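Here are the chains, one letter per residue:
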Amino acid sequence: MKKVLIPVTNHATLGTTDQANGTYSPELTHVVHLLDNANIGYDIVSILGGKAPIYGTDLENDPVNDQVLADDNFTSRMNNTIPVAQVNIEDYDAIFYPGGFGLLSDLAENKQVADLAAAHYEAGGILSAVCHGPASLLPITLSNGEKLLASKEVTGFTREEEVDYGTINDIPFLLEESLARTAAKYSKVQPWGEFVIEDDRVITGQNPSSAHAVGTALVNALQA
């Protein structure tokens, strides 16, 4: 069975505010739903391990989100995430980073997770991320000393979407600017439109609307 490593944030607030945050539920649940349907396994990990914060669990008119959140197996995995220190990256065929603002405060600058991702990619693995998830690609440095993104075209949550969402003044940094400065090319479409880029085993999606498409691209890549 193919298997995906899913790193999630331990950071429970929006930046340094007291606003509850963490991983944005539908960006995780929609991809998990697709993995389950394709009989692809997954493990949920975090830097510290243990219970991971999640928000967006009360969305209306999202039956996929509701279905996955109601699954005891999924809930147990989120309440007992595996510490990254215990991960054997050779056990996995892909890495998927769901979004949410929390990861801007930990995964976006964590060397331990970035080193695992670099080894995984250089061994032929797939990296995928959606919304703010591509921030987790920023610290990945390959064995030749170059940033992973230096040769990649990517997308991610835009400045306009931050403004629309009311978070522009509270985020630790602006993802669009960081990706544009680091990646070979940063691309986007109009706010909230579905948009996915695939570039040499790196799959990125712009926003929550792109989660299903990222999951589909990931499943297709694993089944290729």
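Quick caveat: nothing in here was measured; it's all calculated off a predicted structure.

Student: Explain the packing of helix α1 (residues 25-37) against helix α7 (residues 211-223) here, please?
Tutor: A pair of packed helices is captured by two measures, namely the crossing angle of their axes and the spacing between those axes. Running from amino to carboxyl end, α1 crosses α7 at an angle of 35°, the nearest separation of the two axes being 8 Å. Here α1 runs over α7; the crossing is right-handed. Two secondary-structure elements touch here, α1 through P26, E27, V31, L34 and L35 and α7 through A211, H212, G215, T216, L218 and V219. Of the residues in the contact of α1 with α7, the class split is seven nonpolar, three polar and one charged.

Student: Got a minute to help me understand the pairing of strand β6 (residues 94-97) in this structure?
Tutor: Both faces of β6 are covered, namely the face carrying A94 and F96 and the face carrying I95 and Y97. Looking at chain direction, strand β1 (residues 3-7) and β6 are connected through two bridges and run parallel. By the bridge assignment, V4 is partnered in β6 with A94. The pairing of β6 with strand β7 (residues 126-130) spans four bridges and is classified as parallel.

Student: It is not clear to me how the nonpolar core should be interpreted in this structure. Could you clarify?
Tutor: Within the largest apolar cluster, 68 residues are counted, with the highest numbers of intra-cluster contacts made by V4, I6, L35, I140, L148 and L218. If we ignore the near neighbours within four places in the chain, the residues touching I6 are L28, V32, L35, Y42, D43, I44, V45, F96 and P98.

Student: Explanation requested: the sheet that holds β1 in the structure shown.
Tutor: Across the sheet, seven strands lie side by side as β5-β3-β1-β6-β7-β11-β10; this open sheet has mixed pairing. Unpaired on one side and paired on the other, β5 (82-83) and β10 (196-198) mark the two borders of the sheet. In the sheet, strand β3 (residues 41-46) pairs with β5 via two bridges, with the strands oriented parallel. Residue V45 lies in a different strand from β5, and its bridge partner there is I82. In this fold α1 packs onto β1, β3, β6 and β7, with an angle of close to 170° to the strand it touches most, β1.

Student: Whenever I open this one, the layout of surface pockets confuses me. Can you help?
Tutor: Take a probe with the size of a water molecule and roll it over the atoms, and the empty space left behind shows itself. Size it by volume and the largest pocket reaches roughly 170 Å³. Taken together, 13 residues form the lining of the largest pocket, with Y92, D93, H120, A123 and G125 sitting closest to its centre. Broken down by secondary-structure element, the contributors of at least two residues to the lining of the largest pocket are α4 (111-122) and α7. Of the residues in the lining of the largest pocket, the class split is seven nonpolar, three polar and three charged.

Student: Can you help me understand the packing of aromatic side chains in this one?
Tutor: Any two aromatic rings considered together are summarised by their centre-to-centre distance and by the angle between their planes. Here the structure, examined in full by the defined rule, presents five aromatic pairs. Centre to centre, the rings of F101 and Y165 are 5.8 Å apart; their planes meet at 20°, and the pair counts as stacked. Linking F101 in the loop between β6 and α4 with Y165 in helix α5 (residues 159-165), this pair joins segments that are 64 residues apart in sequence. Exposure remark for F101: the relative accessible area of 3% places this residue in the buried category. Residue Y165 is classed as partly exposed on the basis of its relative accessible area, which comes to 43%. Here R77 stacks its cationic end above the ring of Y42, 4.2 Å away from the centre of that ring.

Student: Any chance you could explain the side chain of H30 here in plain terms?
Tutor: Inspection of the secondary structure assignment puts H30 in helix α1. Since its relative accessible area comes to 18%, H30 is described here as buried. Sequence-distant contacts of H30, defined by excluding residues within four places in its chain, comprise D62, V64 and N65.

Cut-offs and rules
- Residues numbered from 1 in each chain as written.
- Predicted model: local features only at pLDDT ≥ 70, side-chain atom pairs only at ≥ 80, totals over all residues.
- Heavy atoms only, no water.
- Axes fitted to C-alpha atoms, helices over the stretch in contact; angles between N-to-C directions.
- Helix = DSSP H or I, 4+ residues; strand = E, 2+ residues; numbered from the N terminus.
- Left-handed = near helix turned anticlockwise from the far one by under 90°.
- Contact = heavy atoms within 4.5 Å.
- Nonpolar A, V, L, I, M, F, W, Y, C, P; charged D, E, K, R; others polar.
- Buried < 20%, exposed > 50% of the residue type's maximum accessible area, 1.4 Å probe, protein only.
- Pairing = 2+ DSSP bridges.
- Core = buried A, V, L, I, M, F, W, Y, C linked by side-chain atoms within 4.5 Å.
- 1 Å grid on protein atoms, 1.4 Å probe; cavity = no way out; pocket = protein on both sides within 12 Å on 5 of 7 lines; lining within 4 Å.
- Points joined across faces, edges and corners; volume = space filled by probe spheres on them.
- Phe/Tyr/Trp six-rings, centres within 6.5 Å; stacked < 30°, edge-to-face > 60°.
- Lys NZ or Arg CZ within 6 Å of the ring centre and 35° of its normal.

Any link to function would need more than the numbers given here.
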